[in-house]
Structure formats: structure tokens, C-alpha cells
Amino acid sequence: SSLLEMAPSHVRAFPFTAGGARLPVSVSTLDAQLAGQQTEEPVLVKIDVQGTEDRVIAGGRATLGRTAVAIVETSFEPLYEGQVLFDEIHATMRGLGFTYHGNLAQLNSPEDGRVLQCDAIFVRSA
């Protein structure tokens with residue numbers, strides 16, 4: 001379900017996710033996929049890519065430049081090896097002209113209830 005390996009904390013919290021198989025997949029950038037496409041404003045972008053959100057943001061800067069609201073799944077502790085966490089996503093989105101406006105939903109650990117990740121809402125700053 002991800003380009004990244006699951007972190008031990010992910011498998012510990014959700015043991016049913018252990019295992020799996022490697023499959024080859026094609027990868028492209030958000031900007032390349034939307035090149036030449038007409039988008040009606042206001043644009044809403046939802047980024048939920050199992051730990052590679054920073055890579056989608058990096059490859060989607062032109063698209064995000066036309067975006068009014070972005071919903072980005074962000075983690076507060078690593079669930080995938082090499083993923084960036086909320087603080088870095090927040091800083092990147094601020095640098096792109098967005099303000100954090102809370103979350104839509106969050107995933108809590110079944111171990112102790114701590115928040116593992118959320119769908120963070122970012123709104124283009126005025």
C-alpha cells in the first residue's frame with residue numbers, strides 16, 4: 001500500500017498490516033499528470049499517499065499554486081520508513097502560502113489512544 005516500508009510502530013499498532021508483496025508501479029508527479037488539464041476554481045487537492053506526501057507536494061508545486069484548499073494526510077510519528085512528519089509538512093505548506101486550519105479526521109493508536117496521523121486542512125493564505 002506504500003512505496004515505503006512500514007515502520008515497526010505501524011506493524012505494532014496494526015499487526016494485520018504486516019506482510020505483503022512488492023509490485024512494480026509507474027510513478028509520475030502531480031504536475032505532470034495535470035499538465036494541460038483545465039481545473040475549475042476553487043481547486044481542492046487531497047494528498048493521501050501512505051508516507052510519501054512530501055514527494056507529491058514537491059512534484060505538485062504548480063498545481064498547489066492554483067489550489068485553494070489542500071487536505072494532506074500527515075503523521076505525528078513514523079508509520080513508514082523515511083516519511084516526513086506533520087511539522088515538516090506544515091512548514092512546507094506554509095512556505096507555499098497555506099495556513100493550517102485543523103483536521104478532518106485522525107487515526108488513534110489502538111495501544112494507548114495517541115494520535116498517529118490526521119487529515120490536515122491547509123487553506124491558501126489571503
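Counting restarts for each chain: residues are numbered from 1 in the order of the written sequence. For this predicted model, a pLDDT threshold of at least 70 governs which residues receive local features, and a threshold of 80 or more governs which side-chain atom pairs are given and counted, while totals over whole chains, interfaces and linings are taken from all residues. Note that water and hydrogens are dropped before the side-chain values are worked out from all heavy atoms of the structure.

Comments concerning the packing of aromatic side chains
Reasoning step 1: For this analysis, a ring pair means two rings from Phe, Tyr or Trp (six-membered ring only for Trp) whose centres lie within 6.5 Å, classed as stacked if their planes differ by under 30 degrees, edge-to-face if by over 60, and tilted for the remaining angles. By the definition in use, this model includes three aromatic pairs.
Reasoning step 2: Taking 5.2 Å as the distance between ring centres and 75° as the angle between the ring planes, the aromatic pair formed by Phe-86 and Tyr-100 counts as edge-to-face. Here Tyr-100 lies in strand β3 (residues 98–108) and Phe-86 lies in helix α5 (residues 86–95), a separation of 14 residues in the sequence.
Reasoning step 3: Remark: exposure states derive from per-residue accessible area (1.4 Å probe, protein chains only) relative to the maximum for the residue type, with buried under 20%, exposed over 50%, and partly exposed in between. Judged by relative accessible area, which is 12%, Phe-86 ranks as buried.
Reasoning step 4: Overall, Tyr-100 belongs to the partly exposed group, its relative accessible area being 30%.
Reasoning step 5: Taken together, the aromatic side chains of Phe-76, Phe-86, Tyr-100 and Phe-122 make up a single cluster linked through ring pairs. Secondary structure is summarised from DSSP: a helix means a run of H or I of at least four residues, a strand means a run of E of at least two, and numbering begins at the N terminus for each.

A look at the sheet that holds strand β2 (residues 67–75)
Reasoning step 1: Taken together, four strands build an open sheet; the order of strands is β1-β2-β4-β3 and the sheet is mixed. What marks the edges here is a single partner per strand, and that holds for β1 (43–47) and β3. Going from strand to strand, the sheet's axes swing by 15° on average, the running direction of each strand aside.
Reasoning step 2: Should DSSP find at least two bridges between two strands, the strands are taken to pair. One ladder, built from seven bridges, connects β3 with strand β4 (residues 115–124); its direction is antiparallel. Within β4, the position partnered with Gln-106 by the bridge is Cys-118.
Reasoning step 3: Whether two residues touch is decided by their heavy atoms; if any such pair falls within 4.5 Å, the residues are in contact. Here an angle of 0 to 180 degrees is reported between the N-to-C directions of two axes, which are lines fitted to C-alpha atoms, with helices fitted over the stretch in contact. Relative to β2, α5 is tilted by about 165°, and along the sheet it contacts β2, β3 and β4.

As for α5
Within an α-helix, residues lying three or four positions from one another point in the same direction, as the helix has 3.6 residues per turn.
Reasoning step 1: Residues of α5 that are buried include every one of Phe-86, Ile-89 and Met-93, and no others. Along the axis of α5, the buried positions cluster into a sector of 65°, meaning they face one direction only. More than 90 degrees from the buried face of α5, the exposed residues found are Asp-87, Arg-94 and Gly-95.
Reasoning step 2: The secondary structure elements touched by the buried residues of α5 are α3 (53–58), β2, β3 and β4. Starting at the helix axis, one direction is taken to each C-beta atom, and the arc is that of these directions.

Section: the pattern of salt bridges
Reasoning step 1: In the sections that follow, a salt bridge refers to a side-chain nitrogen of Lys or Arg positioned within 4 Å of a carboxyl oxygen of Asp or Glu. Inspection of the entire model under this criterion finds six salt bridges.
Reasoning step 2: As a salt-bridge pair, Asp-119 and Lys-46 come within 3.2 Å of each other at their nearest N and O atoms. Of the two residues, Asp-119 sits in strand β4 while Lys-46 sits in strand β1, which places them 73 residues apart along the sequence.
Reasoning step 3: The partly exposed category is assigned to Lys-46, whose relative accessible area is 41%.
Reasoning step 4: Notably, a salt bridge pairs Glu-77 with Arg-114, separated by 2.8 Å at the nearest N-O pair. Here the residue Glu-77 occupies a position in the loop between β2 and α5, and Arg-114 occupies one in the loop between β3 and β4, the gap between them amounting to 37 residues.
Reasoning step 5: Overall, the relative accessible area of 25% leaves Arg-114 in the partly exposed class.
Reasoning step 6: Residues joined in a network through salt bridges with shared partners are Glu-77, Glu-111, Asp-112 and Arg-114.

Thoughts on the pairing of β1
Reasoning step 1: Every second residue of β1 is oriented toward a common face, the buried set being Val-43, Val-45 and Ile-47 and the non-buried set Leu-44 and Lys-46.
Reasoning step 2: By the bridge criterion, five bridges tie β1 to β2 in an arrangement that is parallel. Bridge pairing in β2 links Val-43 to Thr-67.

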